[in-house]
Each structure stands twice: as C-alpha cells, then as structure tokens.
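Letter by letter, the chains look like this.
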Amino acid sequence: QMLSILQSLGCEILGNSDEMYEVMPPTWRSDITIFEDLAEEIIRIYGFDNIEPTLPTSASQVIQLPQLSKVERKATDLFAGLGFNQCVHFSFTCPEVAEKLQLSDIKMIPVLNPIVDELSHMKTTLMGSLLDTLQKNRNQKVSDLKLFEVARIFEAAQLPLGGNLPTEYLVVSAVAMGPISENTWSQKVKSTDFYYMKGIAESIIKELGLVGISFEAGSHSSLHPGRTAKVLYKGSVIGWIGEIHPIVQESFDLSLPRIYLEINLSLITDDA
C-alpha cells in the first residue's frame, strides 16, 4: 500500500533488498529529499486518523531523586506558596560582609582565582546576600518584602585546607520585612515579627514530617540578643530564628527590624 501511494504521487521504485526500497521522487517534487519526506507523503495520503496512536519507545529510566533534593523541593515550594520570593546569589562573598555580620571567628575559604574582590571567599552563611538584596530593594522604596534562598554553604575544619575538602551544607534562609496584613476596619496592620517567622519554621517542620523539633532561647552574633531562638532537632542545633542585630542592620543601611530564619536541611535529610 505504501508503494502504491508513492507511485501514485509520481515516485519511481528503483529496487529493493531486505525490505528496504529505493525511491526516486519525480522531478517536480523538489521538496522530497530525505526519508522523512517520503514518510510524510505516505501518512498524508493514508490519513493520520487511520494510524493507531502508540507511545514512543525510550531507553531512559526513571531515577529517584536523592533525599536531599526532595527536601530542597519541599522547602522551596513551601516558601513560594507562603508568598516569599526566591533569590539566587553567587556562592562567593568577601571578609568585609562577614565583618558586617559580626562573624569574626569563622574560617572563610579563599578562592584561588576570584572574579572580583567582592567574591573572594566561599560563603559560610546566606544572610549577607539576603540582607544586601533587602537593602537594594529598600532603596527602591520597597517596604514589603519576603525573600528566601536555598543554597550551599561551606565550612572548613582548618585553613589552609591541606588537600581536604570543606564540608558542604544545604541551607534554607529567609528574611522578611514590612506588613503581613492590610489595615482594615476590623484590625490594624500586622508587621513581620519573631512569631511570624516562627510560624514559618513550624510550617516547614510540618511539611517535612519532622517530630521532635523544639525552640530555645539562644545567642547568635548576627541576631538581636534577647530576640533570638535556636531550632533544635533531637538535641542538635539545626537553625536559628531572630531579629537582625541592630548593629548589623545599621551596617547594611536597614532601618526597620528584619526577621531572619535559617535551617540546615542537610542535618535533617535522613528523617525528612
């Protein structure tokens, strides 16, 4: 039937071998140059509706995502669903940012060939980039902003590394400023505060199915003393919640209090 269709279109059947046919298109059909052109002509005449639909064969295999990637997706979807905007920053920073965050005792891994001086070391926290983005938006008169980032931080046991690889942690960090509700006749404007961000942390914990999470008062050099809590899981610190330290806010040229949340996803991967 295919040969009959081709011959009716003016094609010449030159010969065949092992069920492979050699076809010469007519001189007036300059658009027929390859095998696919012949196949299109046959299907066009035979009719698409007469071809039974089938799924294409594929040699690909479904590969299960690593648990850490699943946790990352859950956290990303949750923050996006709660109205946060995702940020994507470089994995590099500089010692000046660490000084602004009052992190003077951390070991920052230098980059051998930095692109610019401001990106000369590997990040040990995502807070600096988020606060810098907040400040840039604040300069553009944006007063209501909620940001988050899921990225890796790098910790070194000693410097120089001496051939040893640093420890990488996948961390989700978020920062919020401004109102979380509108001013109506029945209620006043509510602004982001410690308890708002604590609710965000509890939502993440519930989404990941973790049991045994607790919050305790803690001290963090970048966060406000007396308005900071550490997130504990099975007795180990996996994150922080708190208001940005006034000195840190001033160093980033921020006025109103900003609330920060950080959770180390790598430390909960096995149970999430």
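Shown above is the structure to which this text applies.
Residues numbered from 1 in each chain as written. Predicted model: local features only at pLDDT ≥ 70, side-chain atom pairs only at ≥ 80, totals over all residues. Heavy atoms only, no water.

Attention now moves to the nonpolar core. A general feature of soluble globular proteins is that nonpolar side chains tend to end up buried together. Within the largest apolar cluster, 31 residues are counted, with the highest numbers of intra-cluster contacts made by F79, L261 and L265. Looking at this core, the elements that each hand over two or more residues are α3 (67-81), β6 (145-155), β7 (167-177), α6 (194-208), β9 (223-233), β10 (236-244) and β11 (259-264). For this core, the leading source of residues is α6, giving eight residues. Setting aside residues up to four positions removed in sequence, L261 forms contacts with F79, V172, S173, A174, M197, I200, A201, I204, W240 and I241. Counting residues in each nonpolar core, the second largest holds 20 residues, with L101, L134, F252 and L254 among its members. (Core = buried A, V, L, I, M, F, W, Y, C linked by side-chain atoms within 4.5 Å. Buried < 20%, exposed > 50% of the residue type's maximum accessible area, 1.4 Å probe, protein only. Helix = DSSP H or I, 4+ residues; strand = E, 2+ residues; numbered from the N terminus. Contact = heavy atoms within 4.5 Å.)

So, on to the pairing of strand β2 (residues 20-24). Of the pairings in the sheet, the one linking strand β1 (residues 12-17) to β2 comprises five bridges and is antiparallel in character. When the sheet's bridge partners are listed, N16 is paired in β2 with Y21. In this structure, the hairpin formed by β1 and β2 is closed by a connection of two residues, where D18 is found at a positive phi of approximately 50°. (Pairing = 2+ DSSP bridges.)

Now for the sheet that holds strand β3 (residues 85-86). Taking strand neighbours across the sheet as the criterion, the seven strands line up as β3-β6-β7-β11-β10-β9-β8 in an open arrangement whose pairing is mixed. Of all strands in the sheet, those bounded by a partner on one side alone are β3 and β8 (213-217). Across five bridges, β10 lies against β11 in antiparallel orientation. By the bridge assignment for β11, E243 is matched with I259. Contacting β6, β7, β9, β10 and β11, helix α5 (residues 127-139) crosses the sheet at an angle of about 150° to β6. (Axes fitted to C-alpha atoms, helices over the stretch in contact; angles between N-to-C directions.)

Orientation of α3 relative to α6, taken along the N-to-C sense of each, is 140°, at an axis distance of 10 Å. Considered as vectors, α3 and α6 are oriented oblique to each other. Crossing of α3 against α6: the hand is right-handed. For the pair α3 and α6, contact is made by V71, K74, L78 and F79 and by I200, S203, I204, E207 and L208, respectively. Among the residues forming the contact of α3 with α6, the class breakdown is six nonpolar, one polar and two charged. (Parallel < 35°, antiparallel > 145°, perpendicular 65-115°, else oblique. Left-handed = near helix turned anticlockwise from the far one by under 90°. Nonpolar A, V, L, I, M, F, W, Y, C, P; charged D, E, K, R; others polar.)

Moving on: the environment of R138. Inspection of the secondary structure puts R138 in helix α5. Along the chain, R138 and L223 lie 85 residues apart, while their C-alpha atoms are 20 Å from each other. When residues no more than four places from it in sequence are discounted, the contact partners of R138 are M177, S255 and R258.

Within the fold, H245 resides in the loop between β10 and α7 (246-251). Here H245 is in contact with Q102, S221, S222, L223, H224 and P225, once residues within four sequence places are set aside.

By themselves, these observations are geometric and do not establish any function.
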